[in-house]
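# Observations on the model geometry
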Amino acid sequence: MTQQEQQEFTARLQEADAWMKGIEEQLKANDNTAGPRDALEARLRETEKIHNSSHNGRMIVDQALMAAEKLLQSGDEELRNSTNVKLKELKNQWDETSTYIVHCHSRIEWVWLHWSEYLKAYEEFELWLTKQRRSLDLDVELQMGLKEKLWQVEQQMVIVSDIKSQAVLLERLLDEAAALHSRIEDPSVDAKAQQRLQEDYVDVRDRAQERLTLLQKISEEHHMFHSHVQKFQSWLVSKTKELTELMKLDEPPENKLRALKTLDEGVATEEKTLQHIEGVADAVRTNTSPAGAEAVQEEAEELRLGWQRLRQGLCEAEEGLRCSLDSHSQYVTRCQRLGEDIGRIREMLQELDQELVDTQESKSCTETTEEQMEGQWRKYSVVRNTLAGKESQVELLKSQLKDLFRFSEDPRHLTDGVLAVVKEHQSVKSRASRLCSESELELRSLLRDPLLNFSQWANSVSQVMEASNNVNDFSNTAMLLQKIQGLLQNSAELQERLSLLQVKGDLLDSVFGTESSDDLQGELSAAVRTRELLHNQLLERKNRLESLISRTKDFDEAYKQILASLSAFRERLLAADALQPDILAKKSQLEQMLVLQKELEDGKAQLTVLETLVSSNPSSRTQYEKLCADWSELHRRVTVKVQDCDDIVSDHECFHGDLLNMEKWIMVMRQKLDSFCSPTGGWSVEGRRPEAQKLLGEFPEKELHLQQIQAQGGKVLRRTSTDGQVHIRKDMERLKQRWEDLFTLSLNLNSYWCISQFCIDFLFRKVSADTEPQISVSVSEVKYISPDGLTSFDFIVEVSGSRGLNQIKWSEFEAWLSRENEVLMKITRTSKSSLSAEEIQTRRGNLQALISRLPEGQQMFQLLLQQTQSRQGEDEPLEDLRYRWTLYKSKLKEVENSLIMTKPGLKERFSWNKLWEKKCGLLYRICRLALLLWLLFLALLLLAFLLPLMDDGNSCSLSNNFARSFNLMLRYDGPPPT
């Protein structure tokens, strides 16, 4: 049986070796890119057939591997070793053959696609050249005015700029033609074809530049005429304004007459300038449309009429000045008298205002007493009365100014002075009235303050007298005696203030008025009598309480009473010191502790009174000191408990707030992540890749915050009762479950992001040789099934060109790739069976870091690829670097899939998927056929997009196809804008 198995293995091995050698010979025969396009397409079809037949070779190799499994199970050690050696050689040979198949087919396909894209861009450029020639064959259209001519120049500048911008496209086409000629050696892209294309472009560019020069000359000539017109109009306006200002000046008529003569001579000399402008207008009309020429003629005639009107106005002004010389002297005399009155009144107002300022500053600098406030009020009153007496003088100024209006001169400077005096008088008057009223209100409040204090003191006395009527408790007696002593001190202060107020009758009359002052003095007299009566009553009650305390000779009884109160207080403290279930109960406990602290501090008065009962007996002194020590210890305990309760409430509030904030963040983040789900159930990040990356970047910080919340929860649990711990644990478990669900959703989005980045890398390699210096790829929906069969996504890929990349060195990318590859090899060296759960989690973290740096590496590779192609095209070292970069990403994907399989429950699912894949070969073939049909459908759709090439209209969409979008353009369907 072993001999038969060896023969079967040998036959399978030979069959696989023969198949691979035949494939290599076919590849060597077709591994050439030189020749015409038909031959290249034929070689592409051959390599495509070879590439499609690679699965047959894989089946042959798998059959050899299955035949070797029986030999590997044999007991012969030498047979197993030889079989392993042959299997290793077979695998190495298969890897080399499959790599050669992919490389050969990709190279020929790339050259064929490169040629196709060049032909599309070449046809587009030729069509653009034809359109430019047609537009340049037309004559220049005459425009109506300067604005239209400038628009015409701008339009021609845009055309010239567009033509010059096509130089980049021409240079790109020539570079692509040279690169293609070095690969395919076809006459359609030789040096002659390139020279002809460049000559056609230079001819179109020179003709457009000549057209632009002509239009600029026409527009500059019109602009010069327009500037001359504006300058002459400005001169007319300035001279007219100068004439107006000259007539308004407050100068002698003789001076005005001399100025008018000088102005008239200057206006007469400008007739030559007017004649020059009329000559320029004749030249402009020859390059302007009929309607525009008529407008130019009207502008020149309008200038002539304006100059004539100015000459006529000068003559009329001169005649008017000669008539006003007679009344000028009388006007000057009255103006002098009015100016003197204005200065005198203004000086008086400034003195009064300064007096108000000084009084107010003295009030703000120092603390105001009653005498100072009275003096300020009297000063404000004097200033207010003085201003009221000066109103007649202000009215006299108004009447004098009214008399000046009868003359022809303009007394504007005096009018401003009179108005300034009136405003200043009103301002100082209103300010004095306001300050006087404010000081009067403050003085009234200050004078009534002793009566208000007496009212409050009388109410306190009534409460104390009522509370001390029947006192038997020692502690209450001590507290009441202390309050009575304080009230007696306040009574002495009130007596002094009320006595001082009684002697200020004149001040009260001035401030309150006669009637209000009499009422206030009556209240003051009644307050003085009432204070004396209450003061005597307080003295009697004080003596009675002191005698009551002096009669209390039993120290032991007072000591036992205070000791009992301390014991009861200690029991209340113990009762209140218990763990609480929720935050409301904890706050209530804090309030109870604060109440206990206040009661204990109030009880210190009992110890003060008890000290008076301590006799010379040493035992009584010892008991008193022990009682004071107990009170101090109890006060310290209460203070500590208050602080502990405050900390417990703060910790619980902080934990509760952080818990609510985390749940709110999880809810908002869940909504944001759900927004990336497409209607079909997959993921879609089209146009939102930075947003998705930013959202995923928030999870590490929030995970650390979650750990802090859990630590806070543990601290709160230790300070909460058993009933409350149940609810807190439920909240923490609910938060943990929501976090795990959200974190799983973020992992799915992250996996989708990595897979979409892989698709971007593939498309970059496809289109990087035919597009702009930077490729921008957005992925939203393309069907993708992961190799493990566990996840599937739908993507739509869009590619667009952009500019503005930085430079990168070859060695920098190689060093970066080597470092990343070393980290990946460290992850894959350790056997998965020997790893613990923590080590697997660490490896997953390192792997996620590598995956997160993939976009950076892809961008570096694209920069390097485009720099190399812009210099000399793609060479062998670049192909080797491309292979190493692709191999690194494949390894990274395999390691990620293997780590996914280490999760619990995924191994059984993976084995079931493998068994299902073996049974669905027919379904696999159907899917392959469907893929070809879809590719055919996409080709038809592309053909439909190219149909606008048949349109000879003016649609801008002809320049927006991907193959021809070397420059960004706006889409516009309709007639030309101009």
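Let us look at the structure shown here. (Residues numbered from 1 in each chain as written. Predicted model: local features only at pLDDT ≥ 70, side-chain atom pairs only at ≥ 80, totals over all residues. Heavy atoms only, no water.)

### Regarding the overall build of the protein
- Within the protein, the regular secondary structure consists of 29 helices and two strands.
- With 978 residues in all, the protein has 36% of them scored as buried. (Helix = DSSP H or I, 4+ residues; strand = E, 2+ residues; numbered from the N terminus. Buried < 20%, exposed > 50% of the residue type's maximum accessible area, 1.4 Å probe, protein only.)

### Thoughts on helix α12 (residues 391-404)
- With 14 residues, α12 ought to run about 20 Å at 1.5 Å a step, and its terminal C-alpha atoms sit 21 Å apart, in line with that.
- Among the residues of α12, those classed as buried are Val394, Leu397, Gln400, Leu401 and Leu404. Angular distribution of buried residues about the axis of α12 spans 115°; they occupy a single face of the element. Exposed and facing more than 90 degrees away from the buried side of α12 are Ser392 and Lys402. (Expected span 1.5 Å × (residues − 1). Arc of directions from axis to C-beta.)

### Side note on a negative patch on the surface
- Judged by side-chain charge, Glu294, Glu298, Glu299 and Glu301 come together as a negatively charged surface patch.
- Structurally, Glu301 is set in helix α9 (residues 290-323).
- Residue classification places Glu301 among the partly exposed positions, given a relative accessible area of 45%. (Patch = residues over 30% accessible without salt bridge, like charges linked within 9 Å, V, L, I, M, F, W, Y side chains within 5 Å. Areas by Shrake-Rupley, 256 points an atom, 1.4 Å probe, with all protein chains shown as cover. Salt bridge = Lys/Arg side-chain N within 4 Å of Asp/Glu carboxyl O. Lys, Arg positive; Asp, Glu negative; His and termini not counted. Charge placed at Lys NZ, Arg CZ, Asp CG, Glu CD.)

### Looking at the packing of aromatic side chains
- On inspection of all chains with the given rule, the structure shows 16 aromatic pairs.
- Consider the rings of Phe125 and Tyr201, whose centres lie 6.3 Å apart with planes at 35°: the pair is tilted. Remark: Tyr201 occurs in helix α6 (residues 191-248) and Phe125 occurs in helix α4 (residues 77-137); sequence separation between them is 76 residues. Here Phe125 and Tyr201 have matching classes, each one buried. (Phe/Tyr/Trp six-rings, centres within 6.5 Å; stacked < 30°, edge-to-face > 60°.)

### Details of the nonpolar core
- Ranked by internal contacts, the top residues of the largest apolar core, which has 50 residues, are Phe9, Leu90, Phe125 and Leu173.
- Put simply, the parts of the chain that give this core at least two residues each are α1 (2-30), α2 (37-52), α3 (54-72), α4, α5 (146-184) and α6.
- Broken down by element, this core gets its largest block of residues, 17 residues, from α4.
- Domain assignment of the residues forming this core places at least three in each of domain 1 (16-134) and domain 2 (139-333).
- Beyond its immediate chain neighbours, meaning those up to four positions away, Leu173 contacts Tyr118, Ala121, Tyr122, Phe125 and Leu197.
- Core analysis: the next-biggest nonpolar cluster, separate from the first, contains 49 residues, Ile342, Leu356, Leu487 and Phe512 among them. (Core = buried A, V, L, I, M, F, W, Y, C linked by side-chain atoms within 4.5 Å. Domains from an automatic or database assignment. Contact = heavy atoms within 4.5 Å.)

### Re the environment of Val296
- In this structure, Val296 sits in helix α9.
- Residues Val296 and Arg285, spaced eleven residues apart in sequence, show a C-alpha to C-alpha distance of 6.9 Å.
- Look past the residues within four positions of Val296 in its chain and what remains in contact with it is His222, Phe225, Ala281, Val284 and Arg285.

### Structural notes on the packing of α6 against helix α7 (residues 253-269)
- Interaxial distance between α6 and α7 falls to 10 Å at its minimum, and their mutual angle equals 170°. With respect to their mutual orientation, α6 and α7 come out roughly antiparallel. Residue-level inspection shows Trp235, Lys239, Glu242, Leu243, Leu246 and Met247 of α6 in contact with α7, the latter providing Lys256, Ala259, Leu260, Leu263, Gly266 and Val267.
- Partitioned by chemical class, the residues of the contact of α6 with α7 number eight nonpolar, one polar and three charged. (Axes fitted to C-alpha atoms, helices over the stretch in contact; angles between N-to-C directions. Parallel < 35°, antiparallel > 145°, perpendicular 65-115°, else oblique. Nonpolar A, V, L, I, M, F, W, Y, C, P; charged D, E, K, R; others polar.)

### Quick word on the pattern of salt bridges
- Within the structure shown, the criterion is met by 28 salt bridges.
- Across the pair Glu48 and Arg45 runs a salt bridge, and its minimum N-O distance is 3.8 Å. Of this pair, Glu48 and Arg45 both sit in helix α2, separated by three residues, roughly a single helical turn.
- Two residues, Asp206 and Arg205, come together in a salt bridge whose shortest N-O distance is 3.8 Å.
- Among the residues examined, Asp206 registers a relative accessible area of 37% and is labelled partly exposed.
- If you follow the salt bridges from partner to partner, you end up with Glu126, Arg133, Arg196 and Asp200 in one network.

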